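# Descriptive structure summary
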Amino acid sequence: MTTRFKVFRTLLGATAMLLMAALLWLVPASAQTTTGTILGTVHDQTGAVLPGANITIRNVDTGLTRSSVTDERGAYRVPALNVGTYEVQVEMSGFQRAVRQGITLTVGREAVVDMTMNVGDVSEEIGRAHV
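The following paragraphs examine the structure supplied in this document.

Parameters and conventions
- Residues numbered from 1 in each chain as written.
- Predicted model: local features only at pLDDT ≥ 70, side-chain atom pairs only at ≥ 80, totals over all residues.
- Heavy atoms only, no water.
- Helix = DSSP H or I, 4+ residues; strand = E, 2+ residues; numbered from the N terminus.
- Buried < 20%, exposed > 50% of the residue type's maximum accessible area, 1.4 Å probe, protein only.
- Areas by Shrake-Rupley, 256 points an atom, 1.4 Å probe, with all protein chains shown as cover.
- Contact = heavy atoms within 4.5 Å.
- Salt bridge = Lys/Arg side-chain N within 4 Å of Asp/Glu carboxyl O.
- Pairing = 2+ DSSP bridges.

All right, on to the overall build of the protein chain then. Of regular secondary structure, the protein chain possesses 1 helix and 9 strands. In the protein chain, the order of α-helices and β-strands from amino to carboxyl end is α-β-β-β-β-β-β-β-β-β. Across the 131 residues of the protein chain, 29% fall into the buried class. For the protein chain, the exposed surface amounts to about 8400 Å²; the carbon and sulfur share of it is 60%.

On to the environment of Thr106, then. Inspection of the secondary structure puts Thr106 in the loop between strand 6 (97-105) and strand 7 (110-112). Here the alpha-carbon distance between Thr106 and Thr85, two residues 21 residues apart in the chain, equals 8.9 Å. Ignoring any residue separated from it by four or fewer positions in sequence, one finds Thr106 in contact with Thr35, Gly36 and Val83.

One pass over the full model with this rule turns up 3 salt bridges. Notably, a salt bridge pairs Glu87 with Arg58, separated by 3.7 Å at the nearest N-O pair. In this pair, Glu87 sits in strand 5 (residues 84-91) while Arg58 sits in strand 2 (residues 54-59), placing the two residues 29 residues apart along the sequence. Glu87 gets classed as buried once you look at its relative accessible area, which sits at 13%. Here Glu110 ties to Arg77 by a salt bridge, and the two come within 2.6 Å at their closest N and O atoms. Linking Glu110 in strand 7 with Arg77 in strand 4 (residues 75-82), this pair joins segments that are 33 residues apart in sequence. On the basis of relative accessibility, which here comes to 44%, the residue Glu110 falls in the partly exposed class. A relative accessible area of 45% places Arg77 in the partly exposed class.

Successive residues of a regular strand alternate their side chains across the two faces of the sheet. Taken together, the 6 bridges between strand 5 and strand 6 define a ladder with antiparallel strand orientation. Counted as the bridge partner of Gln89 is Val99 from strand 6. Linking two consecutive strands that pair antiparallel, namely strand 5 and strand 6, is a turn of 5 residues; a positive phi of about 90° is found at Gly94 within it.

Set out below in structure tokens:
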């Protein structure tokens, strides 16, 4: 083999190794997840979406809470929640607080918890249904 061919072959091998290393670096080491997500949409009793509603998601087992606010479509999404049993509470001025209990989150699950709020005193509480 000529010297020029040996250099070309060495450079080609090194380039291939660098390309493979770059591709492996871009791919996550583990695609597995150990958490779940709670998401949904908040409506009033007429079916209109409620942007700006305050969402509180509480892990019943640990007491830890996460908060969110519904977007312009009345939607919310709270990812990376540990597995366990959850309660979702929604509050908004001029509406009764809505609570949904008994939401079991397992690994990789996306639990859709749509909520309906009724006009009324904010100190009232409704919706103690289980999902």
